[in-house]
Amino acid sequence: MTTALRVRLRHAGRTGRRRLETYLIVAAQAGLAATLAWLAARELLGNQDPTFAPAEAVGVIAAALGNRARRTVELVVGVLLGIFVGDTLVEILGTGPWQTGVIVFLSAAVAAAARGTGALMTQAGGTAVLVATVTPTSPDLEWSRTVNATVGGAIGLLVVLVLAPLNPMRTVRRVADPTLNLFAREMTASAEALARADARAAQEILHRMRAAKPQLERLSEAVTAAEEVVRLSPVRWRRRRTLAAYGRAVEHMDRAFRNSQAMVRRIGTTLRDEEPVPADLPAAAERLGEAVRMLHREFLAARAPVQTRERVLSAVREAGEACRQDIGFSGTIVVAQLRTVANDMLRATGVSSDEARRMVRRAAAG
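Residues numbered from 1 in each chain as written. Predicted model: local features only at pLDDT ≥ 70, side-chain atom pairs only at ≥ 80, totals over all residues. Heavy atoms only, no water.

1. Some words on the overall build of the protein chain
In terms of regular secondary structure, the protein chain is built from 14 helices and zero strands. By the burial criterion, 49% of the 366 residues in the protein chain qualify as buried. Contacts in the protein chain between residues far apart in sequence, at least 24 positions, make up 75% of those at least 6 positions apart. In the form shown here, the protein chain has an accessible surface area of approximately 17,800 Å², with 58% of it arising from carbon and sulfur atoms. (Helix = DSSP H or I, 4+ residues; strand = E, 2+ residues; numbered from the N terminus. Buried < 20%, exposed > 50% of the residue type's maximum accessible area, 1.4 Å probe, protein only. Contact = heavy atoms within 4.5 Å. Areas by Shrake-Rupley, 256 points an atom, 1.4 Å probe, with all protein chains shown as cover.)

What follows is the structure, encoded as structure tokens:
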């Protein structure tokens, strides 16, 4: 228990440091964007109240990674929508407390009807509040807010995509390292549970894998964010090919992880039913763990994932050997599920669906 606790604490510490590094970079981007947006609105455009420009710039920086370009459009469209609906209703209803409530409700409802996100609804509703409450005494506020939103959004994008873009490969590695290491580690732990006939350990592995769902989602988000950077940032274009391959792989790796949970669940059944476990079966699970580690290394090194494929097919061959020995019903299902995971991993290396199935069948036949 003490050793396990130390391992978990070290893992939590590494994860915390990686997260802090990312947040510090984003904080630096936000500070730079706010400064530039204020200067652009005040000094270049002569706006005497540039408050909204840095606010919108920070909003772009703080947007969900991978959605910053869309977030910028939503900020501007939300402001314009709020102005249009607000002005129209002020002319009809006038101003006052109940009028403000109606105007905000209808602005947000129009944004929702347009299938807008929370950011679009917030901008539309917030601008409608200003139109309904402040416009009678400050008639030029709508125009000022529109200009500020546009300037702030543009400056935010300029900072994150040109002046200080995140290193896309470092961003992916920061998230992928703990996520894929966890996948590989649980495959190795599954092999050990099979070798020791430890049904309780298999159940604990399954619980840990289920709890890892947020990590997989963060990996997908990190790849999406990195793809946005390499697609829109001129200084990062050279990484497009590597990120494109990694992005295609993430979908199949996510499927492999989910299918491996079904495999671990059946491993637990195999052990609880005290079915025979040929030595080749845990060896096959161990090979899968090695393949996950190798895939991550080969992609980040921009190498063709040849060694990953070799390890995946080796796992299939060893599982096939196990299936030809003394094995029970659940053990046979473990082998079938392992082949499914292997197929997903081959797809992650860039192999087509038909070719992946052919490779798995040939390897399984020995």
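2. Looking at the packing of helix α9 (residues 213–232) against helix α10 (residues 240–272)
Running from N to C, α9 and α10 point in directions that differ by 165°, and their axes come no closer than 9 Å. As summarised for this structure, α9 and α10 are arranged roughly antiparallel, according to the angle between their axes. Between α9 and α10 the crossing geometry is left-handed. Across the interface between the two elements, Lys213, Leu216, Leu219, Ser220, Val223, Ala226, Glu227 and Val230 of α9 pack against Arg240, Leu243, Ala244, Tyr246, Gly247, Val250, Asp254, Phe257 and Arg258 of α10. (Axes fitted to C-alpha atoms, helices over the stretch in contact; angles between N-to-C directions. Parallel < 35°, antiparallel > 145°, perpendicular 65-115°, else oblique. Left-handed = near helix turned anticlockwise from the far one by under 90°.)

3. A few points about the pattern of salt bridges
Side chains that differ in charge, positive against negative, can pair when their charged atoms come close. The full count for this structure, using the stated rule, is 12 salt bridges. Among the ionic pairs, glutamate 318 bridges to arginine 287, the shortest N-O distance being 3.8 Å. Pair noted here: glutamate 318 is in helix α12 (residues 306–323) and arginine 287 is in helix α11 (residues 280–300), with a separation of 31 residues, a long-range link. When its relative accessible area of 16% is taken as the criterion, glutamate 318 is described as buried. Among the ionic contacts, a cluster of salt bridges with common partners joins Arg287, Glu290, Arg311 and Glu318. (Salt bridge = Lys/Arg side-chain N within 4 Å of Asp/Glu carboxyl O.)

4. Quick notes on the packing of aromatic side chains
Going through the model one piece at a time under the given rule, you end up with one aromatic pair. Centroid distance phenylalanine 183 to phenylalanine 257: 5.1 Å. Interplanar angle 80°. Geometry classified as edge-to-face. Taken as a pair, phenylalanine 183 in helix α7 (residues 168–196) and phenylalanine 257 in helix α10 lie far apart in primary sequence, 74 residues in all. Note on phenylalanine 257: relative accessible area 1%, which makes it buried. (Phe/Tyr/Trp six-rings, centres within 6.5 Å; stacked < 30°, edge-to-face > 60°.)

5. As for the nonpolar core
Grouped together as the largest cluster of nonpolar side chains are 64 residues, with contacts concentrated most on Tyr246, Met253, Leu288, Met345 and Leu346. Elements that contribute at least two residues to this core include exactly α7, α8 (199–211), α9, α10, α11, α12, α13 (329–348) and α14 (353–365). Here this core takes 12 residues from α10, the largest share from any one element. Setting aside its immediate chain neighbours within four residues, leucine 288 contacts Met187, Met263, Ala315, Leu338, Val341 and Met345. Listed in part, the 17 residues of the second largest apolar core include Ala37, Val60, Ile61 and Leu157. (Core = buried A, V, L, I, M, F, W, Y, C linked by side-chain atoms within 4.5 Å.)

6. Brief notes about empty space enclosed by the protein
Tallied over the entire structure, the rule returns three cavities of 30 Å³ or more. In this structure, the largest cavity occupies an estimated 50 Å³ of space. Surrounding the largest cavity, Leu180, Leu219, Tyr246, Ala249, Val250, Met253, Leu295, His296 and Phe299 form its lining. Of all the secondary-structure elements, those providing two or more residues to the lining of the largest cavity are α10 and α11. A per-class count over the lining of the largest cavity returns eight nonpolar, one polar and no charged. (1 Å grid on protein atoms, 1.4 Å probe; cavity = no way out; pocket = protein on both sides within 12 Å on 5 of 7 lines; lining within 4 Å. Points joined across faces, edges and corners; volume = space filled by probe spheres on them. Nonpolar A, V, L, I, M, F, W, Y, C, P; charged D, E, K, R; others polar.)

7. Observations regarding α10
For α10, built from 33 residues, the straight-helix expectation of 48 Å at 1.5 Å per residue is met to within 8% by its first-to-last C-alpha distance of 48 Å. The sharpest bend along α10 reaches about 25° and sits at valine 250. Looking one or two residues past α10, glutamate 274 carries a phi angle of roughly 55°, positive in sign. (Expected span 1.5 Å × (residues − 1). Bend = angle between axes of the 7 residues up to and from the residue.)

8. Some words on the side chain of threonine 270
Take threonine 270: it is sitting in helix α10. In this view, threonine 270 contacts Glu275, Val277, Ser330, Gly331 and Val334; residues no more than four positions away in its chain are not counted.

9. Examining the environment of arginine 218
Within the secondary structure layout, arginine 218 lies in helix α9. With relative accessibility at 37%, the residue arginine 218 sits in the partly exposed group. As a C-alpha pair, arginine 218 and valine 175 span 43 residues in sequence and 7.0 Å in three-dimensional space.

10. Quick look at the side chain of asparagine 343
Tracing the backbone shows asparagine 343 in helix α13. Excluding residues within four positions of it along the chain, asparagine 343 makes contact with Ser353, Ala356, Arg357 and Val360.

11. Notes on unusual backbone geometry
Even without being a glycine, alanine 197 presents a positive backbone phi close to 55°. Along the chain, alanine 197 falls in the loop between α7 and α8. Judged by relative accessible area, which is 53%, alanine 197 ranks as exposed.

12. What to know about helix α4 (residues 97–113)
For α4, spanning 17 residues, the distance from its first C-alpha to its last is 24 Å, which sits close to the expected 24 Å at 1.5 Å a residue. Within α4 the residues assigned to the buried category are Gln99, Thr100, Ile103, Ser107, Ala108 and Ala111. Each buried residue of α4 sits inside an arc of 155° when the element is viewed along its axis, so together they form one side. Residues Trp98, Phe105 and Ala113 are exposed on α4 and point more than 90 degrees away from its buried face. (Arc of directions from axis to C-beta.)

13. Some words on the environment of histidine 207
Relative to the elements of secondary structure, histidine 207 occurs in helix α8. For histidine 207, a relative accessible area of 44% corresponds to the partly exposed category. As a C-alpha pair, histidine 207 and glutamine 261 span 54 residues in sequence and 9.3 Å in three-dimensional space.

All quantities given are derived from atomic positions and should not be read as evidence of function.
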